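Results of the structural survey
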Amino acid sequence: MSRPYVAFEGIEGAGKSTVAGRVGSRLERDGHRVLRVREPGGTAVGESIRSILLSHELEPAPWTEALLFAAARAQLASAIIGPALDAGTWVLSDRSVYSSLAYQGAGRALGIDAVRGVNEPGLLGVWPSLVILLAVDPAEGLARQSVGDRIGDEGVEFQQAVADGFAGAAASDPGRFVIIDASAPLDDVVDAAYREIRDRW
Ligand code: TYD
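This write-up is about the structure you can find in this document. What you see is a predicted model, and the numbers here were worked out from it, not measured in a lab. (Residues numbered from 1 in each chain as written. Predicted model: local features only at pLDDT ≥ 70, side-chain atom pairs only at ≥ 80, totals over all residues. Heavy atoms only, no water.)

Topic: the site of the ligand
For clarity, the threshold we go by: The criterion for a residue being near a molecule or strand is simple. One of its heavy atoms has to lie within 4 Å of it. Any pair of N or O atoms that falls within 3.5 Å is considered a polar contact. Within protein, one atom must be able to donate a hydrogen and the other to accept it, and sequence-neighbouring residues count only if both atoms are side-chain atoms. For the area figures, the Shrake-Rupley method with a 1.4 Å probe applies, and any residue is considered shielded solely by the protein chains shown. For helices the rule is a DSSP run of H or I covering at least 4 residues; for strands it is a run of E covering at least 2, with both sets numbered from the N terminus onward.
Around the ligand lies a shell of 16 residues, among which Glu12, Arg50, Arg95, Ser100 and Gln104 are the nearest. Between the ligand and the protein, one listed contact pairs an oxygen atom with a side-chain N or O atom of Arg50 at 2.8 Å. Contact between the ligand and Gly152: an oxygen atom at 3.5 Å from a main-chain N or O atom of the residue. Protein contacts shield 89% of the accessible area of the ligand, which totals 540 Å² for the unbound molecule. For the shell around the ligand, the elements supplying multiple residues, two or more each, are helix H2 (44–54), helix H3 (62–86) and helix H4 (97–107). Ranked by residues supplied to the shell around the ligand, first place goes to H4 with 4 residues.

Notes on helix H8 (residues 186–200)
Applicable threshold: One fewer than the residue count of a helix, multiplied by 1.5 Å, yields its expected span. Each residue is placed in one exposure class: buried if its accessible area under a 1.4 Å probe, protein chains only, is under 20% of its type's maximum, exposed if it is over 50%, and partly exposed if it falls in between.
Here H8 spans 22 Å end to end across 15 residues, near enough to the 21 Å set by a 1.5 Å rise per residue. For H8, the set of buried residues is Val189, Val190, Ala192, Ala193, Tyr194 and Ile197.

Focus on the pattern of salt bridges
Close approach of charged atoms allows side chains of opposite charge to pair. Stated formally: For this document, the term salt bridge refers to a Lys or Arg side-chain nitrogen within 4 Å of an Asp or Glu carboxyl oxygen.
Across all of its chains, the model carries 15 salt bridges by this definition. Glu12 is the partner of Arg95 in a salt bridge, and the nearest nitrogen-oxygen pair spans 3.8 Å. Of this pair, Arg95 sits in the loop between strand S3 (90–94) and H4 while Glu12 is found in the loop between strand S1 (5–9) and helix H1 (16–29), placing the two residues 83 residues apart along the sequence. For the pair shown, Arg95 and Glu12 are each scored as buried. The residue Asp191 makes a salt bridge to Arg26 at a minimum N-O spacing of 2.6 Å. Taken together, the residues span a long stretch of sequence, with Asp191 in helix H8 and Arg26 in helix H1 at a distance of 165 residues.

Here is the structure:
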C-alpha cells in the first residue's frame, strides 16, 4: 500500500494551511503520528531558500526559481519526509512538487514535463500519494489573501494559469488527486478532506 504522504494544494487563498492543520489534528485524535510540513521550507536549508524565493528584493529568473524550489524540496524529502514515512509517521504537506508543476511549469510557462524532470532526481521516490486540491476561483482566492509574497502577488491571470496547471495535473492522474470545492464552508472542506484520507489508509 502507498505511504500516507498527503499534499494540500491550490492557488493563493484556497485555505490549504487552515485545512491541513485541522485535518492533522483530527488524525492525531484518531491516534496517528502526524508530521506537518510546508513548502518551500521545513528544513534550515529550505527556510533559507524560502527567503530568497519569496523576497520582494530579489528577482530570480524563472529557471532559477524552479531550481531553487526543487533544491529546497530535495532537502525536505531526504532529511524529513522520507525518514518520517519510514518511521510510520503520516506526513501532511502544505504544497509539494505539484506546486512547482503548476506555478513554474504552467504559471511561468517553463513546461510541466521540464519542471517535473528537474524535481524527480532529488526526491528519490518521495512523492505525494494523495493530493487534495482545494479549488477556488482565482479572483476569489486573491481577495481572501491578506499579504502577498513575490509569487502570490503576480495577479489574477497568473493565478488562472496556475489553476489550469493544477487542473491538468489532476486530470492526467485522477487516482492521486481529489478535488474539493474550497468555496464551501470550512467545516465541510475539512470533513471532505479528512474522509478522503481516512478512507484510503
Ligand atoms: P507561502 O507563503 O507558503 O504561501 P501559500 O499560503 O500560498 O502556500 O508561499 C509560497 C509561494 O510560493 C506561493 O506563492 C506559491 C509559490 N510556490 C511556487 O511557485 N512553486 C512551488 O513549488 C511552491 C512550493 C510554492
